[in-house]
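Below are the chains, spelled out letter by letter.
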Amino acid sequence: MKNPFPTVLKAARMARKGRPLSAALLWQRALMPTLPKPPRVTKGKSAAKKVDRVVRPAPGSFIESDYSCAQGSLRYRLYTPVGSTRRRLPLIVMLHGCTQSAADFATGTAMNRLGDELGFLVLYPEQSPRANPNRCWNWHSPSHQKRGSGEAAVIAGMTRHILDRCRGHAGRVYIAGISAGGAAAAIIAAAYPQLYVAVGVHSGVPMGAIGSVGEALAAMRGQAVPPIGKTTPPLPMILFHGDSDRVVHPSNASGFVSQLQRSSTRALSVQSEAGVAPGGRAFTRSFYRYGRGPVMLEEWTVHGSGHAWSGGYAGGSHTDPKGPDASRAMATFFLARRRSL
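The following paragraphs examine the structure supplied in this document. Being a predicted model, the structure only gives us computed values, none of them experimental.

What counts and how
- Residues numbered from 1 in each chain as written.
- Predicted model: local features only at pLDDT ≥ 70, side-chain atom pairs only at ≥ 80, totals over all residues.
- Heavy atoms only, no water.
- Axes fitted to C-alpha atoms, helices over the stretch in contact; angles between N-to-C directions.
- Helix = DSSP H or I, 4+ residues; strand = E, 2+ residues; numbered from the N terminus.
- Parallel < 35°, antiparallel > 145°, perpendicular 65-115°, else oblique.
- Left-handed = near helix turned anticlockwise from the far one by under 90°.
- Contact = heavy atoms within 4.5 Å.
- Nonpolar A, V, L, I, M, F, W, Y, C, P; charged D, E, K, R; others polar.
- Phe/Tyr/Trp six-rings, centres within 6.5 Å; stacked < 30°, edge-to-face > 60°.
- Buried < 20%, exposed > 50% of the residue type's maximum accessible area, 1.4 Å probe, protein only.
- Pairing = 2+ DSSP bridges.

### Quick look at the packing of helix H4 (residues 111-118) against helix H9 (residues 326-335)
Running from amino to carboxyl end, H4 crosses H9 at an angle of 40°, the nearest separation of the two axes being 10 Å. As judged from the angle between their axes, H4 and H9 are oblique. The two elements H4 and H9 cross, and the hand of that crossing is right-handed. Along the contact surface, H4 presents Met111, Leu114, Glu117 and Leu118, while H9 presents Ser327, Arg328, Ala331 and Leu335. Its residues assigned to classes, the contact of H4 with H9 shows five nonpolar, one polar and two charged.

Below you can see the structure in the form of structure tokens.
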């Protein structure tokens, strides 16, 4: 508080000189406490504290972390490609097969290398052996087959989490998998069509009336009862299957074509071409579309290949290096499609 004594002396002198009003004002000023100055307000700036933004992982990093939500928890691996950190990157979610891990699947598919080349994030959710002893996704269970429930909800929530964390492009999000991961990818894409733009299935089983392990095994043997009646239009899909697959019968590929046919009254046209991969495997590539519209299903039948990721690297499990490059084909298919925001 400021010393009032000088002001008091000045007020006394004014009173002696016949200036009572001025003296009274000075007395009042001397006896009142000095109030602090009000805080300075700057226009255009919020008074709230800034929330620290989570920084996208460093370019070229392959991190491991956990994700939890109300429906459950999963570990994951995330690859961030080299290059600028300012771009909104596409995101490809990759679901491994039974007995595999996220790191193993990343090695076998070499999708991280394509992420550097083509510029996209790669997310690998990893199944826990506590949820399934063989690390299979539980795609056969009804509790994991619908929106807002089970593994489908956890993986969808994880996808959104990574989009937020890494400033991913929400209109360029895709999901793919092999075997149990392929079946799960098809289910999750159907449950969350507003989140994913396209789906890739390698050696997988189409959606159907499967609600138990027994029904899943029958479907894998090619003995599933084919669904009938109209179905919801599926997302654009790229499909790979080896015609010598003894784990998931190659006839399952036709189930995805049937689903597309049953989703519309329009006639479905098909164009096919044959080729030979650099590794030596022959293949047939077919394109399904309505009239002259965009390709809705791209199907690759790899002749002589078994239950393995086509064109994959021998360092990972369940790969066939002799086949056409499924990773590149899927990435190319995905990146050609985007959703307007």
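### Some words on the packing of aromatic side chains
A full pass over the atoms with the stated rule returns eight aromatic pairs. Each ring, one from tyrosine 174 and one from phenylalanine 334, has its centre 5.0 Å from the other, and the planes form 5°; the classification is stacked. Of this pair, tyrosine 174 sits in strand E5 (residues 173-178) while phenylalanine 334 sits in helix H9, and the two are 160 residues apart along the sequence. The same class applies to tyrosine 174 and to phenylalanine 334, which are both buried. Measuring from ring centre to ring centre gives 5.1 Å for phenylalanine 283 and tryptophan 300, while their planes differ by 35°; the resulting arrangement is tilted. Linking phenylalanine 283 in strand E9 (residues 282-290) with tryptophan 300 in strand E10 (residues 295-302), this pair joins segments that are 17 residues apart in sequence.

### Considering the sheet that holds E5
The pairing of strands in a sheet happens through backbone hydrogen bonds and is either parallel or antiparallel. Strand order in this open sheet of 10 strands is E1-E2-E4-E3-E5-E6-E7-E10-E9-E8, and the pairing throughout is mixed. Of all strands in the sheet, those bounded by a partner on one side alone are strand E1 (62-69) and strand E8 (268-276). Here the strands of the sheet are splayed against their neighbours by 20° on average, with no regard to which way each runs. Packed on one face of the sheet, helix H5 (residues 150-166) meets E1, strand E2 (72-79), strand E3 (91-95), strand E4 (121-126) and E5 and runs near 45° to E2.

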